[in-house]
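As a plain string of letters, each chain reads:
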Amino acid sequence: MRVVVLTTSYPRHPGDHAGRFVADAVERLRARGVSIDVLGPGAYDHHGLADGHGVAANVRRRPWAAPLLLGSMARAVRAAARDADLVHAHWLPSGAAALAAGKPVVVTVHGSDLALAARAPWLARPVLRRAAAVVCVSEPLAREAARLGARDPVVVPNGVEVPDAVGPAAEPPEVLFAGRLSPEKGIEELAEATRGLRRVVVGDGPLRHLLPDARGFVDGAELRRCYARAAVVCCPSRREGFGIVCAEAMAHGRPVVASAVGGLADLVVDGETGLLVPPRDPAALRAALDRLLADAALRARLGAAGRERIAALCGWEAVLDRTLTVYERVLSR
């Protein structure tokens, strides 16, 4: 099987976090015997839209550049997919361009693209309806994709590496946040709710001034060490298509306090694998953090249950099996 992966986000160097979960899936599918060519930024002229805050945010500021991006992507995928069996496009803009290849197209939506599509559904519907398969990384996204015209969207979450064993957290207990320091990640609520707590903030972005102790982005090995030290991981996003940090924290056996939005509410079962709080509510966020920090037995119980849940939902073998099933169904039609 030969597949062309078309994406607007993909690591451009070893330390680049952009689209890392797409690259991880590509590497593992290749190990399963799938021949994959990747077209990411750099393989086509993205006219600066794939830089900085990402395509969705940049298109809001420079909508006139979107047709240039799509034209460049369409030319690249037509050339690359001549001998391919199918094109797997990540994010809706890639899906629109992928249709130009004349091959069956699988479109995976991740959240930010559907949030943008909600403002212009007439642009999203033709892509979702013409795709041979629409893959969504969470159940809430599948419902939204169906509302926008996708036929029988399939849920395949992002894959997560589940460590063979996890050890005790650091003492005294620490609260970890990892991610982009931007409004949609609930950074204002995080800053208020964790005031006075021992916190570790990994990430960077436009709201870094609210968290002056932030360490910036770190490599994968260091992030895993941060998970290993954390007593609690905080995910206060205002919207979230999936929640890769939440899933990774659960895989490391760490209890999560998360906003009850999107993919986070899909991953966390309140009171069983973590605690859910209303979005944009720093008081509720602080109360949940204080509850976990004061109760080591509760942290251990929620962490162990979360680890079991994420292994079943997002373990790589299950995710790869589901992805290959989608490919096989598309090619059998």
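Please refer to the structure higher up on the page.
Everything numeric in this text was worked out from a predicted model, so none of it was measured.

Definitions and limits used
Residues numbered from 1 in each chain as written. Predicted model: local features only at pLDDT ≥ 70, side-chain atom pairs only at ≥ 80, totals over all residues. Heavy atoms only, no water. Helix = DSSP H or I, 4+ residues; strand = E, 2+ residues; numbered from the N terminus. Rg over C-alpha atoms; globule rule 2.2 N^0.38 Å. Buried < 20%, exposed > 50% of the residue type's maximum accessible area, 1.4 Å probe, protein only. Contact = heavy atoms within 4.5 Å. Lys, Arg positive; Asp, Glu negative; His and termini not counted. Charge placed at Lys NZ, Arg CZ, Asp CG, Glu CD. Core = buried A, V, L, I, M, F, W, Y, C linked by side-chain atoms within 4.5 Å. Axes fitted to C-alpha atoms, helices over the stretch in contact; angles between N-to-C directions. Parallel < 35°, antiparallel > 145°, perpendicular 65-115°, else oblique. Left-handed = near helix turned anticlockwise from the far one by under 90°. Pairing = 2+ DSSP bridges. Salt bridge = Lys/Arg side-chain N within 4 Å of Asp/Glu carboxyl O. Phe/Tyr/Trp six-rings, centres within 6.5 Å; stacked < 30°, edge-to-face > 60°. Right-handed = clockwise from strand over helix to strand, strands pointing away.

(A) Highlighting the overall build of the protein. Within the protein, the secondary structure is distributed over 14 helices and eleven strands. The globule rule puts the C-alpha radius of gyration for 333 residues at 20 Å, and the 20 Å found for the protein is close to it. Taking the principal axes of its C-alpha atoms as reference, the protein extends roughly 60 × 40 × 35 Å. Counting across all 333 residues of the protein, residues that qualify as buried make up 53%. Pairs at least 24 apart in sequence give 61% of the contacts found in the protein among residues at least 6 apart. Counting 43 positive and 36 negative side-chain charges, the protein places the averaged centre of each group 5 Å from the other.

(B) Just the environment of Leu86, in detail. Structurally, the position occupied by Leu86 is in strand β3 (residues 86-90). Taking C-alpha positions, Leu86 is 22 Å from Asp45, a pair spaced 41 residues apart along the chain.

(C) Expanded view of the nonpolar core. Counting 69 residues, the largest nonpolar core has Leu6, Val87, Leu92, Val233, Val256 and Leu267 as its most contacted members. Examining the composition of this core, we find that seven residues originate from one element, helix α3 (residues 66-80), more than from any other. When neighbours within four sequence positions are excluded, Leu6 is seen to be in contact with Leu39, Tyr44, Met73, Val77, Val87, His88, Ala89, His90, Ser94, Ala97 and Ala98.

(D) Focus on the packing of helix α10 (residues 244-251) against helix α13 (residues 296-314). Look at α10 against α13: their axes get within 7 Å of each other, and the N-to-C directions meet at 115°. When the axes of α10 and α13 are compared, the pair comes out roughly perpendicular. Here the hand of the crossing between α10 and α13 comes out left-handed. Across the interface between the two elements, Ala247, Met250 and Ala251 of α10 pack against Gly303, Gly306, Arg307, Arg309 and Ile310 of α13.

(E) Representation of the sheet that holds strand β10 (residues 256-259). The parallel open sheet is built from five strands, whose spatial order is β8-β7-β9-β10-β11. Each having just a single partner strand, β8 (199-202) and β11 (274-277) make up the two edges of the open sheet. Across this sheet, the average inter-strand angle for adjacent strands is 20°, counted without regard to direction. Judged from the three bridges that link them, strand β9 (residues 232-235) and β10 form a sheet pairing that is parallel. Within β10, the position partnered with Cys234 by the bridge is Val257.

(F) Representation of the side chain of Arg299 in the model. Looking at the element boundaries, Arg299 is found in helix α13. For the buried Arg299, no salt bridge exists, and the shortest N-O distance to an oppositely charged side chain is 4.3 Å, to Glu171.

(G) Geometry of the packing of aromatic side chains. According to the stated counting rule, one finds one aromatic pair in the structure shown. Considering the side-chain rings of Phe21 and Trp91, the 6.0 Å spacing of their centres and the 55° angle between planes classify their relative orientation as tilted. Residue Phe21 is located in helix α1 (residues 20-31), and its partner Trp91 is located in the loop between β3 and α4 (92-98); the two are separated by 70 residues in the primary sequence. On the accessibility criterion, Phe21 (22% relative accessible area) is partly exposed.

(H) Structural detail: the pairing of β10. Covered by surrounding structure in β10 are Val256 and Ala258 together with Val257 and Ser259, the residues of both alternating faces. Following the chain from β9 across α10 to the adjacent parallel β10, one finds a crossover that is right-handed. Examined bridge by bridge, β10 and β11 share four bridges and lie parallel to one another. In the strand pairing of β11, Val256 is matched with Gly274. Between the parallel elements β10 and β11, the chain passes through helix α11 (residues 262-267) in a crossover that is right-handed.

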